[in-house]
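Here is what each chain is made of, one letter per residue.
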Amino acid sequence: MSEQRFHLTAKEILEKDFKQGFRGYDQDEVDKFLDLIIKDYENFQKEYDAVVQENNRLRKEAQSSTDHQQTRRMSAVTSSTTNSDILQRLSNLEKHVFGSKLYD
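Since the structure is predicted, the reported quantities are computational estimates derived from the model, not experimental observations.

Definitions and cut-offs
Residues numbered from 1 in each chain as written. Predicted model: local features only at pLDDT ≥ 70, side-chain atom pairs only at ≥ 80, totals over all residues. Heavy atoms only, no water. Core = buried A, V, L, I, M, F, W, Y, C linked by side-chain atoms within 4.5 Å. Buried < 20%, exposed > 50% of the residue type's maximum accessible area, 1.4 Å probe, protein only. Helix = DSSP H or I, 4+ residues; strand = E, 2+ residues; numbered from the N terminus. Contact = heavy atoms within 4.5 Å. Salt bridge = Lys/Arg side-chain N within 4 Å of Asp/Glu carboxyl O. Phe/Tyr/Trp six-rings, centres within 6.5 Å; stacked < 30°, edge-to-face > 60°. Patch = residues over 30% accessible without salt bridge, like charges linked within 9 Å, V, L, I, M, F, W, Y side chains within 5 Å. Areas by Shrake-Rupley, 256 points an atom, 1.4 Å probe, with all protein chains shown as cover. Lys, Arg positive; Asp, Glu negative; His and termini not counted. Charge placed at Lys NZ, Arg CZ, Asp CG, Glu CD.

Enquirer: So what's going on with the nonpolar core? Which residues, and what values?
Expert: Among the nonpolar cores identified, the biggest contains five residues, and these are Ala-10, Ile-13, Leu-34, Ile-38 and Tyr-41. Residue assignment for this core shows that the elements contributing at least two residues are helix H1 (10-15) and helix H2 (27-98). The element contributing the most residues to this core is H2, with three residues. Ala-10 has contacts with Ile-38, Tyr-41 and Glu-42, leaving out every residue within four places of it along the chain.

Enquirer: Before we move on, could you go through the environment of Leu-14 and cite the residues and values that matter?
Expert: Of note, Leu-14 is situated in helix H1. A residue is classified by how much of its surface remains accessible, and Leu-14, at 56% relative accessible area, is exposed.

Enquirer: Go over the pattern of salt bridges with me, naming the residues and quoting the values.
Expert: Overall, the coordinates contain two salt bridges when judged by the stated rule. Across the pair Glu-54 and Arg-57 runs a salt bridge whose closest N-O atoms are separated by 2.6 Å. One end of the pair is Glu-54 and the other is Arg-57, both in helix H2 and three residues apart, which spans about a single turn. Notably, a salt bridge pairs Arg-57 with Glu-61, separated by 2.2 Å at the nearest N-O pair. Of this pair, Arg-57 and Glu-61 both sit in helix H2, four residues apart, which is roughly one turn of the helix.

Enquirer: Run through the packing of aromatic side chains, naming residues and quoting values.
Expert: To describe a pair of aromatic rings, one takes the distance between the centres and the angle between the planes. Taken as a whole and judged by the stated rule, the model has one aromatic pair. Arranged with centres 6.5 Å apart and planes meeting at 25°, the rings of Phe-44 and Tyr-48 form a pair that is stacked. Here Phe-44 and its partner Tyr-48 are both found in helix H2, four residues apart, which amounts to about one turn of the helix.

Enquirer: Explain a negative patch on the surface to me, and be specific about the residues and the numbers.
Expert: Taken together, the side chains of Asp-26, Asp-28, Glu-29, Asp-31 and Asp-35 present a region of like negative charge at the surface. Its location among the elements puts Asp-35 in helix H2. Judged by its relative accessible area of 39%, Asp-35 is partly exposed.

Shown next, in the form of structure tokens:
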């Protein structure tokens, strides 16, 4: 997302000079209009930057959540495997201690 999508910066708009022709534009009117454009452009840039930061934050949260869910799933699988191993060991221990009397 590092590519620059905008062609102009607020500074470039501010420093733009127009050539005057024989019947040129009213310079004060052009300056006022450019000042308005600069303010809008600066506000737009601030909002854009805030949205990019929010997007990056949400992506990190989503990745963290996904990682956490995967860890929980792996833990559950390990837990169930461990539980079945324990039950099998208990069964074998009961058979050894009590012999076949337990299952008669």
